[in-house]
Amino acid sequence: MRLVLARCSVDYIGRLTAHLPMATRLLLVKADGSVSIHADDRAYKPLNWMSPPCTLKDELVDGSGTWTVTNKTGEQLIITIESVDHDHSQDLGVDPGLQKDGVEAELQRLLALHVETFGAGWSLVRREYPTAIGPVDLLCRDASGAVVAVEIKRRGEIDGVEQLTRYLELLNRDPLLAPVKGVFAAQEIKPQARVLAQDRGIDCLTVDYAVLKGTDDPTQRLF
């Protein structure tokens, strides 16, 4: 991981255009190739970012110049750097991954048992399918036999969509699996996450934990 504190401006060039004026910001480059730009607010959310796979062209000379980040569809982040206050790289090693809480782990177990929740004719290939960046919650096949990667969250937010996107990028490099589609499943999915998922070609599914667990019968509801 590379952390750069720099005075910079940022221009996004793609389906839309966006501009961040000159200011001091944190530039974060991860081992997976992703680049994100952060301010000293917004908690963990970046001002702008480019998800992998993408390339970074570093044209800094004596602490000033440009970074050009380009993804596979040709979208670009042009980061114009006026000065660099700090530049540090650190190898974080292999992360053990997130340990799911009780509800999330139980959702995964129940959906694996009731894979037909995703559609008639679906079958389970494997739970916790391993990849180089962590396990995919469920790997399935739909009624047509196509491979589908399922990411399961209690609350579906943008981070979960980004996580599934990274898994899909890796899985689609495997000729024995490709093409691999994605499904983002959660008890509640935020509107912003739905929009991002739709943009990435990922289907969303809201799941009812009580129904899966067998403690609720939706046919007996008045409303």
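Residues numbered from 1 in each chain as written. Predicted model: local features only at pLDDT ≥ 70, side-chain atom pairs only at ≥ 80, totals over all residues. Heavy atoms only, no water.

Student: Which residues make up the overall build of the chain, and what are the values?
Tutor: What the chain contains, in helices and strands, is 4 helices and 12 strands. The principal-axis extents of the C-alpha atoms in the chain amount to approximately 65 × 40 × 35 Å. Across the 223 residues of the chain, 38% fall into the buried class. A separation of at least 24 residues holds for 48% of the contacts in the chain among residues at least 6 apart in sequence. As displayed, the chain offers around 12700 Å² of accessible surface, 54% of which is attributable to carbon and sulfur atoms. With 25 positive and 32 negative side-chain charges, the chain shows a spacing of 3 Å between the two charge centroids. (Helix = DSSP H or I, 4+ residues; strand = E, 2+ residues; numbered from the N terminus. Buried < 20%, exposed > 50% of the residue type's maximum accessible area, 1.4 Å probe, protein only. Contact = heavy atoms within 4.5 Å. Areas by Shrake-Rupley, 256 points an atom, 1.4 Å probe, with all protein chains shown as cover. Lys, Arg positive; Asp, Glu negative; His and termini not counted. Charge placed at Lys NZ, Arg CZ, Asp CG, Glu CD.)

Student: Help me get a handle on unusual backbone geometry, residues and values and all.
Tutor: Geometrically, the link from Pro52 to Pro53 is a cis peptide bond, its omega value of 0° lying close to zero. Here Pro53 shows up in the loop between β4 (48–50) and β5 (54–61). With an omega dihedral of 0°, the bond running from Ala178 to Pro179 counts as a cis peptide bond. If you trace the backbone, Pro179 turns up in the loop between α2 (158–171) and β11 (180–189). Phi is positive for Asp62, close to 55°, though the residue is something other than glycine. Not every positive phi belongs to a glycine, and Glu128 is a case in point at roughly 50°. In this fold, Glu128 is placed in strand β8 (residues 123–129). Using a relative accessible area of 32% as the deciding quantity, one classes Glu128 as partly exposed.

Student: Describe the domain arrangement of the chain, with residues and values.
Tutor: Entries for the chain in the domain assignment read domain 1 (2–89) and domain 2 (102–215). Placing a centre on the C-alpha atoms of domain 1 and another on those of domain 2 gives a separation of 30 Å. Carbon and sulfur atoms make up 41% of the surface buried where domain 1 meets domain 2, a total of about 630 Å² over both sides. Here domain 1 and domain 2 share 2 salt bridges between them. Across the salt bridge formed by Arg15 and Asp199, the nearest N and O atoms sit 2.5 Å from each other. The interface formed by domain 1 and domain 2 contains 4 residue pairs in polar contact (both at pLDDT 80 or more). (Domains from an automatic or database assignment. Buried area = accessible area lost by both parts, 1.4 Å probe. Salt bridge = Lys/Arg side-chain N within 4 Å of Asp/Glu carboxyl O. Polar contact = N/O pair within 3.5 Å; in protein donor to acceptor, adjacent residues only side chain to side chain.)

Student: Lay out α2 with the relevant residues and their values.
Tutor: The α-helix winds at 3.6 residues per turn, so residues separated by three or four positions along the chain end up facing the same way. The first and last C-alpha atoms of α2 sit 20 Å apart over 14 residues, in line with the 20 Å expected at 1.5 Å per residue. For α2, the buried fraction is high: 10 of the 14 residues fall into the buried class. For α2, the set of buried residues is Gly160, Val161, Glu162, Gln163, Leu164, Thr165, Tyr167, Leu168, Glu169 and Leu171. Where α2 is buried, its residues touch β4, β8, β9 (136–141), β10 (147–156), β11 and α3 (191–199). (Expected span 1.5 Å × (residues − 1).)

Student: Requested: an account of the sheet that holds β11, with residues and values cited.
Tutor: Strand order in this open sheet of 5 strands is β8-β9-β10-β11-β12, and the pairing throughout is mixed. Both edges of this open sheet fall to β8 and β12 (203–206), since each of them pairs with a single strand only. Across this sheet, the average inter-strand angle for adjacent strands is 30°, counted without regard to direction. Both β9 and β10 contribute to a ladder of 4 bridges, which runs antiparallel. Note that in β10 the partner of Leu139 across the bridge is Ala149. (Pairing = 2+ DSSP bridges. Axes fitted to C-alpha atoms, helices over the stretch in contact; angles between N-to-C directions.)

Student: Would you mind going over a nonpolar patch on the surface in detail, with residue names and values included?
Tutor: Nonpolar side chains collect at one region of the surface, where Met1, Leu3 and Leu92 lie side by side and expose about 260 Å² of accessible area between them. Tracing the chain through its elements places Met1 in the segment before β1 (2–13). (Patch = residues over 30% accessible without salt bridge, like charges linked within 9 Å, V, L, I, M, F, W, Y side chains within 5 Å.)

Student: How would you sum up the nonpolar core? Please name residues and give values.
Tutor: Counting residues in each nonpolar core, the largest one holds 19 residues, and the members touching the most others are Ala149 and Leu171. Broken down by secondary-structure element, the contributors of at least two residues to this core are β9, β10, α2, β11 and α3. (Core = buried A, V, L, I, M, F, W, Y, C linked by side-chain atoms within 4.5 Å.)

Student: So what's going on with α3? Residues and values would help.
Tutor: All buried positions along α3 are accounted for by Ala193, Leu196 and Ala197. Projected down its long axis, α3 carries its buried residues within an arc of 100°, all on one side. In α3, the exposed positions angled more than 90 degrees off the buried face are occupied by Pro191, Val195 and Gln198. Among the structural elements, β10, α2, β11 and β12 are those in contact with the buried residues of α3. Trailing α3 by a residue or two, Gly201 shows a phi angle of about 75°, which is positive. (Arc of directions from axis to C-beta.)

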